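This is what each chain is made of:
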Amino acid sequence: MDKSFWDSRWENAETGWDIGGVSAPLKAYIDQLENKTIRILVPGCGNAHEAEYLWENGFKNTWIVEISQLAIDSFRKRYPAFPVEQIIQGDFFDVDAHFDLVLEQTFFCAIHPSRRADYAAKMSEILEPSGKLVGLLFDFPLESGPPFGGSEAEYRTYFEPFFIIKRMERAHNSIKPRYGRELFIQFDKKTTD
Ligand SMILES: C[S@@+](CC[C@H](N)C(=O)[O-])C[C@H]1O[C@@H](n2cnc3c(N)ncnc32)[C@H](O)[C@@H]1O
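Presented here is a report on the structure given in the accompanying data block. (Residues numbered from 1 in each chain as written. Predicted model: local features only at pLDDT ≥ 70, side-chain atom pairs only at ≥ 80, totals over all residues. Heavy atoms only, no water.)

1. Some words on the overall build of the chain
Right, so step 1: The helix and strand inventory of the chain stands at six helices and seven strands.
Right, so step 2: Reading the helices (α) and strands (β) of the chain from amino to carboxyl end gives α-α-β-α-β-α-β-β-α-β-α-β-β.
Right, so step 3: Principal-axis analysis of the C-alpha atoms places the extent of the chain at approximately 40 × 40 × 30 Å.
Right, so step 4: The proportion of buried residues among the 193 residues of the chain is 49%. (Helix = DSSP H or I, 4+ residues; strand = E, 2+ residues; numbered from the N terminus. Buried < 20%, exposed > 50% of the residue type's maximum accessible area, 1.4 Å probe, protein only.)

Rendered as structure tokens:
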């Protein structure tokens, strides 16, 4: 699933993953954040509803990264208030910057399962020492995809080397089609001493 795969999904408007707004679990998490100056990244952001919500709520250090220019064009058309200099067009795995928080929303399930360990390592690399990865991971068997499913036990194998698993539990406020099929996660980057 390279750039051309995702471009073609966007070109053909095959964007069934787009729930049309910030997801309730992420909204609830964002709403309890007190420090609005933190640097936040939304990777594989698509129409970037989370970034829009963050920006509208005063989180001005929000960045997005997206491999498909068509997705970025769609977001910019939909939400022109977001600063263009905080939009990274490119591959998440090439991001060369640091953040306090990364918000995961149907990006992990979009990458090939063979890259899951790389995803965990890259997240650790781009997070500040006290950084967090927060969001939603699907909780259904890993078969064909995208979206590629997985389980808590499998996810632990990728993330435990780099993160303290603070929360990984069934989301109680998922949208109806995803109800009972999502895990809310909060992974805190392990500090090295
Ligand atoms: C399933 S969609 C989810 C979009 C958005 N997070 C949402 O929930 O609506 C996955 C998105 O990740 C983008 N993407 C896939 N691989 C990527 C990569 N390696 N780096 C950055 N973006 C990527 C795709 O273009 C697509 O827009």
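2. Notes on the site of the ligand
Right, so step 1: Lining the immediate environment of the ligand, one finds 16 residues, of which Gly44, Glu66, Phe92, Gln105 and Thr106 sit closest.
Right, so step 2: Between the ligand and glutamate 66, the relevant distance is 2.5 Å, taken from an oxygen atom to a side-chain nitrogen or oxygen of the residue.
Right, so step 3: Contact between the ligand and phenylalanine 92: a nitrogen atom at 2.9 Å from a main-chain N or O atom of the residue.
Right, so step 4: Compared with its free state, where it exposes 600 Å², the ligand has 96% of that area covered by protein.
Right, so step 5: Partitioning the shell around the ligand into residue classes produces eight nonpolar, six polar and two charged. (Near = heavy atom within 4 Å. Polar contact = N/O pair within 3.5 Å; in protein donor to acceptor, adjacent residues only side chain to side chain. Areas by Shrake-Rupley, 256 points an atom, 1.4 Å probe, with all protein chains shown as cover. Nonpolar A, V, L, I, M, F, W, Y, C, P; charged D, E, K, R; others polar.)

3. Remarks on the pairing of strand S2 (residues 62-66)
Right, so step 1: With four of five residues buried, S2 lies mostly within the body of the structure.
Right, so step 2: Where strand S1 (residues 40-43) lies against S2, four bridges are found, and the strand directions are parallel. Across the sheet, valine 42 pairs through a bridge with isoleucine 64, a residue of S2.
Right, so step 3: Taking the sense of rotation as the criterion, the β-α-β connection linking S1, helix H3 (residues 49-56) and S2 turns out right-handed.
Right, so step 4: For S2 and strand S3 (residues 87-89), the ladder comprises three bridges, and the chain directions are parallel. Across the sheet, residue valine 65 finds its bridge partner in S3, namely isoleucine 88.
Right, so step 5: For the handedness criterion, the β-α-β arrangement of S2, helix H4 (residues 69-78) and S3 is classed as right-handed. (Pairing = 2+ DSSP bridges. Right-handed = clockwise from strand over helix to strand, strands pointing away.)

4. Notes on helix H2 (residues 24-31)
Right, so step 1: Turning to H2, its buried residues number three or more, namely Pro25, Leu26, Tyr29 and Ile30. Take H2 and look down its axis: the buried residues cluster within an arc of 130°, on one side only.
Right, so step 2: Contact partners of the buried residues in H2: H3, strand S4 (99-104), strand S5 (127-138) and strand S7 (182-189). (Arc of directions from axis to C-beta. Contact = heavy atoms within 4.5 Å.)

5. Here we look at the side chain of aspartate 139
Right, so step 1: Within the secondary structure, aspartate 139 sits in the loop between S5 and helix H6 (152-159).
Right, so step 2: Residues in contact with aspartate 139, not counting those within four places in the same chain, are Gly150, Ser151, Arg170, Gly180, Arg181, Glu182 and Leu183.

6. Remarks on the environment of glutamine 32
Right, so step 1: On the secondary structure map, glutamine 32 appears in the loop between H2 and S1.
Right, so step 2: The partly exposed category is assigned to glutamine 32, whose relative accessible area is 46%.
Right, so step 3: Along the backbone, glutamine 32 and alanine 71 are 39 residues apart, and their C-alpha atoms lie at a distance of 29 Å.

7. Examining the packing of aromatic side chains
Right, so step 1: Inspection of every chain in the model, using the stated rule, returns 19 aromatic pairs.
Right, so step 2: An angle of 40° between the planes, with centres 6.1 Å apart, marks the rings of phenylalanine 75 and tyrosine 79 as tilted.
Right, so step 3: Judged by its relative accessible area of 0%, phenylalanine 75 is buried.
Right, so step 4: Ring plane angle 65° and centroid distance 5.5 Å describe the contact between phenylalanine 75 and phenylalanine 82, whose orientation is recorded as edge-to-face. An identical accessibility class is assigned to phenylalanine 75 and phenylalanine 82; each is buried.
Right, so step 5: Linked through ring pairs, Phe92, Phe93, Phe107, Phe108, Tyr119, Tyr155, Phe159, Phe163 and Phe187 together constitute an aromatic cluster.
Right, so step 6: Just above the ring of tryptophan 55 sits the side chain of lysine 60; from NZ or CZ to the centre is 4.0 Å. (Phe/Tyr/Trp six-rings, centres within 6.5 Å; stacked < 30°, edge-to-face > 60°. Lys NZ or Arg CZ within 6 Å of the ring centre and 35° of its normal.)

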